[in-house]
Amino acid sequence: MSKIKSNRLKDNAFKYFGIFCTFIGLVMLAIFIGNILIEGLGRIDYDFLTNLPSRKAAKAGILTAWTGTAWILGLTAIIAIPLGVAAGVYLEEYGKKNRLASIVEINIANLAGVPSIIYGLLGLEIFVRILNFGGSLLAGAFTLALLILPIIIVATREALKAVPDSLRQASYGMGATKWQTIQYQILPAASGGILTGIILALSRAIGETAPLIVIGALAYVPFVAKTPMDEFTVLPMQIFNWVSRPQHEFVINAAAGIIILLLITFILNGIAVYLRNKWQKKVNW
Amino acid sequence: MKKLLANKVDAYYGDNHVLKDINLEIKENSVTAFIGPSGCGKSTFLRMFNRMNDYIDGFRKEGQIIIDGKEIYKKKVKVEELRQNVGMVFQKPNPFPKSIYENVVYGLKIQGIKDKKVLAEVVEKSLIQAALWEEVKDSLNKSALSLSGGQQQRLCIARTLAVEPSVILMDEPASALDPISTSKIEELIDSLKENYTIVIVTHNMQQAARISDKTAFFYMGELIEYDNTKDLFTHPKNERTENYITGRFG
(Lines give C-alpha, C1' and ligand atoms only; values in the text may rest on other atoms or scores of the structure.)
Protein backbone atom coordinates (compact mmCIF):
# COMPACT_ATOMS: atom_id res chain seq x y z
CA MET A 1 0.00 0.00 0.00
CA SER A 2 2.69 2.45 0.98
CA LYS A 3 4.44 1.79 -2.33
CA ILE A 4 1.35 2.89 -4.24
CA LYS A 5 1.08 5.94 -2.05
CA SER A 6 4.64 7.03 -2.63
CA ASN A 7 4.28 6.42 -6.37
CA ARG A 8 1.22 8.61 -6.40
CA LEU A 9 3.13 11.26 -4.53
CA LYS A 10 5.97 11.18 -7.04
CA ASP A 11 3.50 11.37 -9.87
CA ASN A 12 1.89 14.47 -8.43
CA ALA A 13 5.23 16.00 -7.52
CA PHE A 14 6.40 15.70 -11.08
CA LYS A 15 3.19 17.20 -12.40
CA TYR A 16 3.57 20.29 -10.23
CA PHE A 17 7.27 20.52 -11.06
CA GLY A 18 6.33 20.51 -14.76
CA ILE A 19 3.71 23.20 -14.24
CA PHE A 20 6.28 25.28 -12.35
CA CYS A 21 8.83 24.95 -15.19
CA THR A 22 6.30 25.93 -17.84
CA PHE A 23 5.21 28.80 -15.64
CA ILE A 24 8.75 30.21 -15.34
CA GLY A 25 9.16 30.38 -19.12
CA LEU A 26 5.77 31.96 -19.67
CA VAL A 27 6.07 34.46 -16.84
CA MET A 28 9.49 35.63 -18.03
CA LEU A 29 8.16 36.13 -21.52
CA ALA A 30 5.06 37.93 -20.26
CA ILE A 31 7.12 40.25 -18.05
CA PHE A 32 9.47 41.01 -20.93
CA ILE A 33 6.75 41.69 -23.47
CA GLY A 34 4.65 43.62 -20.95
CA ASN A 35 7.59 45.78 -19.97
CA ILE A 36 8.50 46.48 -23.59
CA LEU A 37 4.90 47.35 -24.45
CA ILE A 38 4.56 49.75 -21.51
CA GLU A 39 7.85 51.44 -22.35
CA GLY A 40 7.63 51.55 -26.08
CA LEU A 41 4.04 51.39 -27.32
CA GLY A 42 3.43 55.09 -26.76
CA ARG A 43 6.51 55.93 -28.81
CA ILE A 44 5.30 54.21 -31.98
CA ASP A 45 3.68 56.59 -34.42
CA TYR A 46 3.92 57.46 -38.09
CA ASP A 47 6.95 59.68 -37.52
CA PHE A 48 8.81 56.93 -35.70
CA LEU A 49 8.50 54.72 -38.77
CA THR A 50 9.40 57.43 -41.30
CA ASN A 51 12.11 59.42 -39.53
CA LEU A 52 15.82 58.99 -40.14
CA PRO A 53 18.02 58.27 -37.12
CA SER A 54 18.96 61.31 -35.11
CA ARG A 55 21.08 62.37 -32.16
CA LYS A 56 17.92 63.72 -30.56
CA ALA A 57 15.93 60.78 -29.21
CA ALA A 58 12.54 62.39 -29.77
CA LYS A 59 13.24 62.98 -33.46
CA ALA A 60 14.93 59.64 -34.16
CA GLY A 61 13.07 57.08 -36.29
CA ILE A 62 13.63 53.62 -37.66
CA LEU A 63 13.14 54.30 -41.37
CA THR A 64 16.64 53.21 -42.36
CA ALA A 65 16.50 50.26 -39.99
CA TRP A 66 13.23 48.71 -41.16
CA THR A 67 13.92 49.37 -44.83
CA GLY A 68 17.33 47.75 -44.29
CA THR A 69 15.63 44.76 -42.68
CA ALA A 70 13.19 44.56 -45.61
CA TRP A 71 16.07 44.71 -48.11
CA ILE A 72 18.00 42.04 -46.22
CA LEU A 73 14.90 39.86 -45.96
CA GLY A 74 14.20 40.10 -49.70
CA LEU A 75 17.79 39.60 -50.87
CA THR A 76 18.41 36.75 -48.45
CA ALA A 77 15.25 35.03 -49.68
CA ILE A 78 16.25 35.43 -53.33
CA ILE A 79 19.67 33.91 -52.64
CA ALA A 80 18.83 31.24 -50.09
CA ILE A 81 15.54 29.80 -51.41
CA PRO A 82 16.71 28.50 -54.82
CA LEU A 83 20.02 27.23 -53.40
CA GLY A 84 18.45 25.57 -50.38
CA VAL A 85 15.50 23.99 -52.16
CA ALA A 86 17.61 22.76 -55.08
CA ALA A 87 20.20 21.25 -52.73
CA GLY A 88 17.43 19.58 -50.73
CA VAL A 89 15.83 18.17 -53.88
CA TYR A 90 19.15 16.85 -55.11
CA LEU A 91 20.04 15.17 -51.83
CA GLU A 92 16.61 13.61 -51.39
CA GLU A 93 15.58 12.70 -54.94
CA TYR A 94 18.77 12.31 -56.98
CA GLY A 95 21.61 11.57 -54.58
CA LYS A 96 22.39 7.92 -53.91
CA LYS A 97 21.88 6.76 -50.35
CA ASN A 98 25.41 5.69 -49.47
CA ARG A 99 28.03 6.51 -46.84
CA LEU A 100 29.05 9.75 -48.48
CA ALA A 101 25.41 10.84 -48.44
CA SER A 102 25.07 10.18 -44.73
CA ILE A 103 28.30 12.11 -44.05
CA VAL A 104 26.91 15.04 -46.04
CA GLU A 105 23.63 14.76 -44.18
CA ILE A 106 25.28 14.84 -40.73
CA ASN A 107 27.39 17.82 -41.72
CA ILE A 108 24.44 19.82 -42.97
CA ALA A 109 22.70 19.18 -39.68
CA ASN A 110 25.90 20.31 -37.91
CA LEU A 111 26.06 23.48 -40.01
CA ALA A 112 22.64 24.43 -38.72
CA GLY A 113 24.18 24.53 -35.24
CA VAL A 114 27.29 26.60 -36.03
CA PRO A 115 27.26 29.89 -34.05
CA SER A 116 26.18 32.78 -36.24
CA ILE A 117 29.29 34.85 -35.50
CA ILE A 118 31.33 32.20 -37.35
CA TYR A 119 29.16 32.80 -40.41
CA GLY A 120 29.89 36.50 -39.93
CA LEU A 121 33.63 35.82 -40.13
CA LEU A 122 33.12 33.66 -43.21
CA GLY A 123 31.07 36.43 -44.83
CA LEU A 124 33.69 39.03 -43.92
CA GLU A 125 36.42 37.02 -45.61
CA ILE A 126 34.55 35.88 -48.73
CA PHE A 127 31.95 38.52 -49.53
CA VAL A 128 33.36 41.69 -48.00
CA ARG A 129 37.03 41.15 -48.83
CA ILE A 130 37.56 38.58 -51.58
CA LEU A 131 34.46 39.46 -53.63
CA ASN A 132 34.85 43.09 -52.58
CA PHE A 133 31.18 43.73 -51.78
CA GLY A 134 32.20 45.93 -48.84
CA GLY A 135 29.80 46.39 -45.94
CA SER A 136 26.88 46.34 -48.36
CA LEU A 137 23.38 44.86 -48.28
CA LEU A 138 24.58 42.23 -50.72
CA ALA A 139 27.38 41.06 -48.42
CA GLY A 140 24.91 40.94 -45.53
CA ALA A 141 22.34 39.04 -47.51
CA PHE A 142 24.85 36.45 -48.76
CA THR A 143 26.13 35.94 -45.22
CA LEU A 144 22.64 35.44 -43.81
CA ALA A 145 21.74 33.21 -46.77
CA LEU A 146 24.64 30.92 -45.85
CA LEU A 147 23.43 30.96 -42.27
CA ILE A 148 19.90 29.79 -43.08
CA LEU A 149 20.81 27.48 -45.97
CA PRO A 150 21.14 24.38 -43.75
CA ILE A 151 17.71 25.07 -42.23
CA ILE A 152 16.08 25.31 -45.66
CA ILE A 153 17.87 22.19 -46.92
CA VAL A 154 16.77 20.14 -43.93
CA ALA A 155 13.17 21.43 -44.14
CA THR A 156 13.03 20.69 -47.87
CA ARG A 157 14.28 17.14 -47.34
CA GLU A 158 11.77 16.49 -44.59
CA ALA A 159 8.92 17.79 -46.76
CA LEU A 160 10.03 15.61 -49.69
CA LYS A 161 10.32 12.56 -47.45
CA ALA A 162 6.68 13.04 -46.48
CA VAL A 163 5.53 12.72 -50.11
CA PRO A 164 4.38 9.12 -50.56
CA ASP A 165 6.37 6.96 -52.94
CA SER A 166 3.17 5.90 -54.72
CA LEU A 167 3.00 9.40 -56.21
CA ARG A 168 6.49 9.07 -57.69
CA GLN A 169 5.67 5.62 -59.03
CA ALA A 170 2.45 6.88 -60.63
CA SER A 171 4.33 9.64 -62.40
CA TYR A 172 7.23 7.45 -63.56
CA GLY A 173 4.71 4.86 -64.69
CA MET A 174 3.16 7.46 -67.00
CA GLY A 175 6.51 7.98 -68.72
CA ALA A 176 7.53 11.11 -66.87
CA THR A 177 11.20 11.91 -66.40
CA LYS A 178 12.61 12.47 -62.95
CA TRP A 179 12.54 16.24 -63.34
CA GLN A 180 8.95 16.23 -64.64
CA THR A 181 7.95 14.11 -61.67
CA ILE A 182 9.65 16.51 -59.26
CA GLN A 183 8.31 19.60 -61.00
CA TYR A 184 4.69 18.56 -61.50
CA GLN A 185 4.03 16.19 -58.61
CA ILE A 186 6.57 16.15 -55.83
CA LEU A 187 7.31 19.85 -55.35
CA PRO A 188 3.63 20.86 -55.40
CA ALA A 189 2.83 18.12 -52.90
CA ALA A 190 5.71 19.18 -50.65
CA SER A 191 5.31 22.94 -51.11
CA GLY A 192 3.54 23.54 -47.81
CA GLY A 193 6.30 21.94 -45.81
CA ILE A 194 9.04 23.64 -47.80
CA LEU A 195 7.38 27.03 -47.46
CA THR A 196 7.02 26.61 -43.71
CA GLY A 197 10.72 25.86 -43.43
CA ILE A 198 11.65 28.84 -45.59
CA ILE A 199 9.59 31.27 -43.55
CA LEU A 200 10.94 30.01 -40.24
CA ALA A 201 14.47 30.30 -41.64
CA LEU A 202 13.84 33.87 -42.82
CA SER A 203 12.37 34.90 -39.51
CA ARG A 204 15.57 33.67 -37.92
CA ALA A 205 17.63 35.66 -40.42
CA ILE A 206 15.98 38.98 -39.65
CA GLY A 207 16.75 38.63 -35.95
CA GLU A 208 20.45 38.01 -36.49
CA THR A 209 22.82 40.77 -35.41
CA ALA A 210 26.23 39.26 -34.72
CA PRO A 211 27.18 38.25 -38.28
CA LEU A 212 26.11 41.65 -39.59
CA ILE A 213 28.23 43.46 -37.02
CA VAL A 214 31.19 41.38 -38.14
CA ILE A 215 30.74 42.20 -41.80
CA GLY A 216 30.52 45.87 -40.93
CA ALA A 217 26.87 46.86 -41.00
CA LEU A 218 26.59 50.36 -39.60
CA ALA A 219 24.59 51.51 -36.61
CA TYR A 220 24.12 55.00 -37.99
CA VAL A 221 22.95 55.23 -41.60
CA PRO A 222 21.40 58.57 -42.45
CA PHE A 223 19.92 57.46 -45.80
CA VAL A 224 17.61 54.76 -47.14
CA ALA A 225 19.40 52.08 -49.17
CA LYS A 226 18.61 52.32 -52.92
CA THR A 227 20.72 49.52 -54.39
CA PRO A 228 22.01 46.22 -52.99
CA MET A 229 25.51 47.71 -52.95
CA ASP A 230 24.57 50.41 -50.43
CA GLU A 231 25.61 50.36 -46.81
CA PHE A 232 22.85 49.52 -44.42
CA THR A 233 21.61 48.96 -40.94
CA VAL A 234 18.90 46.60 -39.68
CA LEU A 235 16.41 46.73 -36.82
CA PRO A 236 18.39 44.63 -34.34
CA MET A 237 21.47 46.79 -34.93
CA GLN A 238 19.46 49.98 -34.41
CA ILE A 239 17.98 48.55 -31.21
CA PHE A 240 21.44 47.54 -29.97
CA ASN A 241 22.72 51.02 -30.70
CA TRP A 242 19.90 52.68 -28.78
CA VAL A 243 20.07 50.37 -25.81
CA SER A 244 23.75 51.19 -25.34
CA ARG A 245 23.05 54.93 -25.05
CA PRO A 246 22.94 56.39 -21.53
CA GLN A 247 19.84 58.57 -22.02
CA HIS A 248 16.52 57.03 -21.02
CA GLU A 249 14.75 58.46 -24.11
CA PHE A 250 16.81 56.20 -26.33
CA VAL A 251 15.87 53.17 -24.24
CA ILE A 252 12.24 54.02 -24.97
CA ASN A 253 13.12 54.17 -28.68
CA ALA A 254 14.75 50.74 -28.33
CA ALA A 255 11.58 49.33 -26.74
CA ALA A 256 9.51 50.71 -29.61
CA GLY A 257 11.97 49.19 -32.11
CA ILE A 258 11.75 45.83 -30.35
CA ILE A 259 7.95 45.90 -30.67
CA ILE A 260 8.26 46.42 -34.43
CA LEU A 261 10.85 43.63 -34.76
CA LEU A 262 8.73 41.24 -32.68
CA LEU A 263 5.70 42.12 -34.75
CA ILE A 264 7.52 41.19 -37.98
CA THR A 265 8.73 37.86 -36.56
CA PHE A 266 5.31 37.01 -35.14
CA ILE A 267 3.68 37.73 -38.48
CA LEU A 268 6.19 35.52 -40.30
CA ASN A 269 5.78 32.70 -37.79
CA GLY A 270 2.02 33.08 -37.95
CA ILE A 271 2.10 32.64 -41.72
CA ALA A 272 4.28 29.55 -41.28
CA VAL A 273 1.89 27.98 -38.78
CA TYR A 274 -1.10 28.80 -40.98
CA LEU A 275 0.53 27.22 -44.06
CA ARG A 276 1.55 24.13 -42.13
CA ASN A 277 -1.97 23.55 -40.83
CA LYS A 278 -3.51 24.12 -44.24
CA TRP A 279 -1.01 21.76 -45.85
CA GLN A 280 -1.53 19.02 -43.28
CA LYS A 281 -5.26 19.14 -43.86
CA LYS A 282 -4.96 19.03 -47.63
CA VAL A 283 -2.52 16.15 -47.81
CA ASN A 284 -4.56 13.13 -46.82
CA TRP A 285 -3.22 10.23 -48.82
CA MET B 1 1.44 -13.00 -82.39
CA LYS B 2 3.90 -12.78 -79.56
CA LYS B 3 4.01 -9.42 -77.85
CA LEU B 4 6.14 -9.92 -74.79
CA LEU B 5 9.02 -12.29 -74.36
CA ALA B 6 11.20 -13.05 -71.36
CA ASN B 7 14.39 -14.86 -72.22
CA LYS B 8 16.44 -16.48 -69.43
CA VAL B 9 15.62 -13.72 -66.98
CA ASP B 10 17.30 -13.62 -63.58
CA ALA B 11 16.85 -10.78 -61.11
CA TYR B 12 18.55 -9.83 -57.85
CA TYR B 13 18.00 -7.36 -55.02
CA GLY B 14 21.54 -7.14 -53.69
CA ASP B 15 22.46 -10.75 -52.87
CA ASN B 16 18.85 -11.87 -52.93
CA HIS B 17 18.15 -13.95 -56.03
CA VAL B 18 14.47 -13.18 -56.62
CA LEU B 19 13.87 -14.49 -60.18
CA LYS B 20 15.50 -17.61 -61.53
CA ASP B 21 15.80 -18.34 -65.23
CA ILE B 22 12.35 -17.21 -66.32
CA ASN B 23 11.32 -17.94 -69.92
CA LEU B 24 7.86 -16.90 -71.03
CA GLU B 25 5.96 -15.65 -74.05
CA ILE B 26 2.80 -13.55 -74.01
CA LYS B 27 0.46 -13.22 -76.99
CA GLU B 28 -0.92 -9.92 -78.24
CA ASN B 29 -4.40 -8.84 -77.06
CA SER B 30 -4.67 -11.38 -74.31
CA VAL B 31 -4.96 -11.35 -70.54
CA THR B 32 -2.22 -13.15 -68.66
CA ALA B 33 -2.37 -13.66 -64.91
CA PHE B 34 0.66 -14.10 -62.65
CA ILE B 35 -0.20 -15.98 -59.48
CA GLY B 36 1.81 -17.30 -56.57
CA PRO B 37 2.39 -16.76 -52.85
CA SER B 38 3.74 -13.44 -51.53
CA GLY B 39 7.43 -12.95 -52.21
CA CYS B 40 7.49 -15.37 -55.15
CA GLY B 41 8.80 -12.68 -57.51
CA LYS B 42 5.68 -12.13 -59.62
CA SER B 43 5.49 -8.38 -58.95
CA THR B 44 9.21 -7.98 -59.57
CA PHE B 45 8.78 -9.81 -62.86
CA LEU B 46 5.79 -7.68 -63.85
CA ARG B 47 7.74 -4.49 -63.14
CA MET B 48 10.54 -5.60 -65.43
CA PHE B 49 8.31 -5.06 -68.46
CA ASN B 50 8.26 -1.29 -67.93
CA ARG B 51 11.52 -1.10 -65.98
CA MET B 52 9.93 0.20 -62.80
CA ASN B 53 12.65 -1.64 -60.87
CA ASP B 54 15.29 0.72 -62.21
CA TYR B 55 14.98 3.04 -59.20
CA ILE B 56 15.39 0.33 -56.60
CA ASP B 57 18.89 0.39 -55.09
CA GLY B 58 20.70 -2.90 -55.59
CA PHE B 59 18.42 -4.21 -58.34
CA ARG B 60 20.23 -6.17 -61.04
CA LYS B 61 19.03 -8.41 -63.85
CA GLU B 62 20.35 -10.88 -66.38
CA GLY B 63 18.70 -12.12 -69.56
CA GLN B 64 16.44 -10.24 -71.92
CA ILE B 65 12.95 -8.73 -71.86
CA ILE B 66 11.71 -8.26 -75.39
CA ILE B 67 8.65 -6.23 -76.41
CA ASP B 68 7.58 -6.13 -80.07
CA GLY B 69 10.89 -7.71 -81.00
CA LYS B 70 13.00 -5.12 -79.17
CA GLU B 71 15.14 -5.70 -76.12
CA ILE B 72 13.97 -3.03 -73.64
CA TYR B 73 16.98 -3.02 -71.31
CA LYS B 74 19.36 -1.81 -74.04
CA LYS B 75 21.16 1.47 -73.36
CA LYS B 76 19.60 3.35 -76.26
CA VAL B 77 16.02 2.55 -75.20
CA LYS B 78 14.34 5.63 -73.74
CA VAL B 79 12.63 4.45 -70.62
CA GLU B 80 10.04 7.28 -70.81
CA GLU B 81 8.93 6.09 -74.25
CA LEU B 82 8.84 2.52 -73.05
CA ARG B 83 6.50 3.45 -70.20
CA GLN B 84 4.17 5.32 -72.52
CA ASN B 85 3.85 2.10 -74.49
CA VAL B 86 3.71 -0.14 -71.41
CA GLY B 87 1.32 1.43 -68.93
CA MET B 88 0.95 0.42 -65.32
CA VAL B 89 -1.86 0.26 -62.77
CA PHE B 90 -0.81 -0.14 -59.14
CA GLN B 91 -2.17 -2.07 -56.20
CA LYS B 92 -3.32 0.94 -54.22
CA PRO B 93 -5.16 3.52 -56.34
CA ASN B 94 -2.66 6.38 -56.62
CA PRO B 95 -4.30 9.27 -58.46
CA PHE B 96 -2.39 12.55 -58.41
CA PRO B 97 -3.75 14.97 -55.79
CA LYS B 98 -5.21 17.11 -58.59
CA SER B 99 -8.46 17.31 -60.53
CA ILE B 100 -9.89 14.37 -62.45
CA TYR B 101 -9.16 16.20 -65.69
CA GLU B 102 -5.55 16.91 -64.70
CA ASN B 103 -5.05 13.25 -63.85
CA VAL B 104 -6.12 12.03 -67.28
CA VAL B 105 -4.15 14.59 -69.28
CA TYR B 106 -0.93 14.22 -67.26
CA GLY B 107 0.66 11.72 -69.63
CA LEU B 108 -0.09 13.96 -72.62
CA LYS B 109 1.08 17.12 -70.90
CA ILE B 110 4.47 15.65 -70.14
CA GLN B 111 4.75 14.81 -73.83
CA GLY B 112 4.19 18.49 -74.56
CA ILE B 113 0.63 18.23 -75.94
CA LYS B 114 -1.21 21.42 -74.98
CA ASP B 115 -4.08 21.74 -77.50
CA LYS B 116 -7.19 22.05 -75.31
CA LYS B 117 -9.45 20.42 -77.89
CA VAL B 118 -7.23 17.38 -78.25
CA LEU B 119 -6.93 17.07 -74.47
CA ALA B 120 -10.70 17.31 -73.96
CA GLU B 121 -11.29 14.59 -76.56
CA VAL B 122 -8.73 12.30 -74.97
CA VAL B 123 -10.23 12.86 -71.52
CA GLU B 124 -13.70 11.87 -72.73
CA LYS B 125 -12.47 8.88 -74.73
CA SER B 126 -10.26 7.53 -71.95
CA LEU B 127 -12.89 7.92 -69.27
CA ILE B 128 -15.48 6.19 -71.49
CA GLN B 129 -13.05 3.33 -72.09
CA ALA B 130 -12.43 3.06 -68.36
CA ALA B 131 -16.20 3.03 -67.71
CA LEU B 132 -15.98 6.11 -65.53
CA TRP B 133 -17.31 8.85 -67.86
CA GLU B 134 -20.95 8.68 -66.81
CA GLU B 135 -20.04 9.05 -63.15
CA VAL B 136 -17.66 12.00 -63.45
CA LYS B 137 -18.53 13.88 -66.65
CA ASP B 138 -20.07 16.77 -64.71
CA SER B 139 -17.29 17.03 -62.15
CA LEU B 140 -14.07 16.84 -64.12
CA ASN B 141 -12.61 19.68 -62.08
CA LYS B 142 -13.24 18.02 -58.76
CA SER B 143 -10.27 16.58 -56.88
CA ALA B 144 -9.51 12.99 -57.82
CA LEU B 145 -9.11 12.27 -54.12
CA SER B 146 -12.84 12.90 -53.61
CA LEU B 147 -13.67 9.78 -55.65
CA SER B 148 -14.28 6.38 -54.07
CA GLY B 149 -11.48 3.80 -54.12
CA GLY B 150 -12.99 1.91 -57.05
CA GLN B 151 -13.51 5.12 -59.03
CA GLN B 152 -9.96 6.19 -58.26
CA GLN B 153 -8.65 2.90 -59.62
CA ARG B 154 -10.70 3.29 -62.82
CA LEU B 155 -9.35 6.84 -63.07
CA CYS B 156 -5.84 5.43 -62.84
CA ILE B 157 -6.72 3.05 -65.68
CA ALA B 158 -8.14 5.96 -67.72
CA ARG B 159 -4.97 7.93 -67.08
CA THR B 160 -2.95 5.00 -68.40
CA LEU B 161 -5.19 4.56 -71.46
CA ALA B 162 -4.89 8.26 -72.34
CA VAL B 163 -1.34 7.84 -73.65
CA GLU B 164 -2.43 4.92 -75.85
CA PRO B 165 -0.17 2.16 -74.63
CA SER B 166 -0.25 -1.29 -76.22
CA VAL B 167 0.50 -3.17 -73.00
CA ILE B 168 -1.05 -2.60 -69.57
CA LEU B 169 0.56 -4.05 -66.47
CA MET B 170 -1.67 -4.42 -63.43
CA ASP B 171 -0.23 -5.12 -60.01
CA GLU B 172 -3.12 -6.53 -57.93
CA PRO B 173 -5.39 -3.75 -59.19
CA ALA B 174 -8.44 -4.88 -57.23
CA SER B 175 -6.93 -6.07 -53.96
CA ALA B 176 -7.72 -2.80 -52.15
CA LEU B 177 -11.31 -2.62 -53.47
CA ASP B 178 -14.70 -3.87 -52.39
CA PRO B 179 -16.43 -6.71 -54.35
CA ILE B 180 -18.61 -4.42 -56.49
CA SER B 181 -15.68 -2.24 -57.52
CA THR B 182 -13.67 -5.40 -58.13
CA SER B 183 -16.24 -6.80 -60.54
CA LYS B 184 -16.30 -3.48 -62.38
CA ILE B 185 -12.54 -3.61 -62.79
CA GLU B 186 -12.78 -7.21 -64.01
CA GLU B 187 -15.42 -6.30 -66.60
CA LEU B 188 -13.22 -3.46 -67.67
CA ILE B 189 -10.21 -5.74 -68.12
CA ASP B 190 -12.33 -8.07 -70.23
CA SER B 191 -13.41 -5.23 -72.53
CA LEU B 192 -9.89 -3.81 -72.80
CA LYS B 193 -8.24 -7.00 -74.00
CA GLU B 194 -9.59 -6.46 -77.52
CA ASN B 195 -7.09 -3.66 -77.98
CA TYR B 196 -4.49 -4.17 -75.30
CA THR B 197 -2.17 -6.84 -74.04
CA ILE B 198 -2.84 -7.10 -70.32
CA VAL B 199 -0.67 -8.71 -67.68
CA ILE B 200 -2.14 -8.88 -64.21
CA VAL B 201 -0.66 -9.96 -60.89
CA THR B 202 -3.31 -11.25 -58.54
CA HIS B 203 -3.62 -13.02 -55.20
CA ASN B 204 -7.20 -13.92 -55.97
CA MET B 205 -7.30 -17.22 -57.83
CA GLN B 206 -10.96 -16.96 -58.74
CA GLN B 207 -10.12 -13.65 -60.32
CA ALA B 208 -7.29 -15.19 -62.32
CA ALA B 209 -9.61 -17.99 -63.43
CA ARG B 210 -12.38 -15.55 -64.40
CA ILE B 211 -10.48 -13.01 -66.42
CA SER B 212 -7.27 -14.47 -67.81
CA ASP B 213 -6.53 -16.46 -70.94
CA LYS B 214 -3.25 -17.77 -69.65
CA THR B 215 -1.89 -18.14 -66.15
CA ALA B 216 1.66 -18.35 -64.88
CA PHE B 217 2.35 -19.79 -61.45
CA PHE B 218 5.46 -18.52 -59.67
CA TYR B 219 7.03 -20.05 -56.59
CA MET B 220 10.27 -19.00 -54.84
CA GLY B 221 11.42 -17.01 -57.85
CA GLU B 222 10.81 -19.79 -60.35
CA LEU B 223 8.18 -20.08 -63.03
CA ILE B 224 6.65 -23.41 -62.09
CA GLU B 225 3.89 -23.68 -64.63
CA TYR B 226 2.55 -21.59 -67.50
CA ASP B 227 -0.49 -22.74 -69.41
CA ASN B 228 -3.97 -21.86 -70.64
CA THR B 229 -5.91 -20.73 -67.58
CA LYS B 230 -8.56 -23.42 -68.07
CA ASP B 231 -5.97 -26.20 -68.21
CA LEU B 232 -3.87 -24.86 -65.36
CA PHE B 233 -6.80 -24.65 -62.99
CA THR B 234 -8.41 -27.98 -63.98
CA HIS B 235 -5.41 -30.16 -64.77
CA PRO B 236 -2.29 -28.67 -63.23
CA LYS B 237 0.75 -30.59 -64.37
CA ASN B 238 2.94 -29.73 -61.42
CA GLU B 239 2.24 -30.85 -57.90
CA ARG B 240 3.15 -27.47 -56.37
CA THR B 241 0.70 -25.72 -58.69
CA GLU B 242 -2.01 -28.10 -57.61
CA ASN B 243 -1.23 -27.58 -53.94
CA TYR B 244 -1.34 -23.83 -54.37
CA ILE B 245 -4.56 -23.56 -56.36
CA THR B 246 -6.36 -25.97 -54.07
CA GLY B 247 -5.31 -23.83 -51.13
CA ARG B 248 -2.98 -26.27 -49.43
CA PHE B 249 -0.36 -23.54 -49.03
CA GLY B 250 0.23 -19.91 -49.86
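Everything quoted here is computed from the prediction, not taken from an experiment.

Criteria and cut-off values
- Residues numbered from 1 in each chain as written.
- Chains lettered and ligands numbered in written order.
- Predicted model: local features only at pLDDT ≥ 70, side-chain atom pairs only at ≥ 80, totals over all residues.
- Heavy atoms only, no water.
- Helix = DSSP H or I, 4+ residues; strand = E, 2+ residues; numbered from the N terminus.
- Buried < 20%, exposed > 50% of the residue type's maximum accessible area, 1.4 Å probe, protein only.
- Contact = heavy atoms within 4.5 Å.
- UniProt positions renumbered as here; feature names shortened; annotations may be inferred.
- Pairing = 2+ DSSP bridges.
- Phe/Tyr/Trp six-rings, centres within 6.5 Å; stacked < 30°, edge-to-face > 60°.
- Lys NZ or Arg CZ within 6 Å of the ring centre and 35° of its normal.
- Buried area = accessible area lost by both parts, 1.4 Å probe.
- Salt bridge = Lys/Arg side-chain N within 4 Å of Asp/Glu carboxyl O.
- Nonpolar A, V, L, I, M, F, W, Y, C, P; charged D, E, K, R; others polar.

Caption draft 1: Summary view of the overall build of chain A. Counting its secondary structure elements, chain A contains 11 helices and zero strands. Tracing chain A from N to C terminus, the helices and strands come up as α-α-α-α-α-α-α-α-α-α-α. Seen through its C-alpha atoms, chain A measures out along the principal axes to roughly 70 × 70 × 35 Å. Each of the 285 residues in chain A was classed as buried or not, and the buried ones make up 44%. Expressed as a percentage of contacts within chain A between residues at least 6 apart in sequence, the contacts between residues at least 24 apart total 74%.

Caption draft 2: How the structure looks around the UniProt feature "domain: ABC transporter" (unreviewed entry) in chain B. Feature annotation in UniProt places "domain: ABC transporter" (unreviewed entry) on residues 4–245 of chain B, given in this structure's numbering. Split by type, residues 4–245 of chain B is 37% helix and 27% strand. Its first and last C-alpha atoms lie 25 Å apart.

Caption draft 3: Broad picture of the sheet that holds strand β1 (residues 2–13) of chain B. Residue and element names in this part refer to chain B. The strand order across the open sheet formed by four strands is β2-β1-β4-β5, and the pairing between neighbours is antiparallel. Pairing within the sheet leaves two strands with one partner each, and these edge strands are β2 (16–27) and β5 (70–71). Bridging between β1 and strand β4 (residues 59–67) involves eight bridges; their strand directions are antiparallel. Paired with Leu4 across the strands is Ile67, a residue of β4.

Caption draft 4: Representation of the packing of aromatic side chains within the structure. Residue and element names in this part refer to chain B. Summed over all chains, the structure comprises 16 aromatic pairs over all chains. A network of ring pairs unites the aromatic residues Phe34, Phe45, Phe49 and Phe218 as a single cluster. Over the ring of Phe96 we find Arg159, and its NZ or CZ is 4.5 Å from the ring centre.

Caption draft 5: How the structure looks around the interface of chain A and chain B. Across the contact, 18 residues belong to chain A and 20 residues belong to chain B. Between chain A and chain B lies a buried interface of about 1800 Å² when both sides are counted; carbon and sulfur atoms form 60% of it. The tally of links from chain A across to chain B stands at zero salt bridges. At the level of secondary structure, the elements contributing two or more residues to the side of chain A that touches chain B comprise α7 (165–173) and α8 (178–205) of chain A. No other element matches the seven residues that α7(A) contributes to the side of chain A that touches chain B. Across the side of chain A that touches chain B, the residue classes break down as seven nonpolar, nine polar and two charged.

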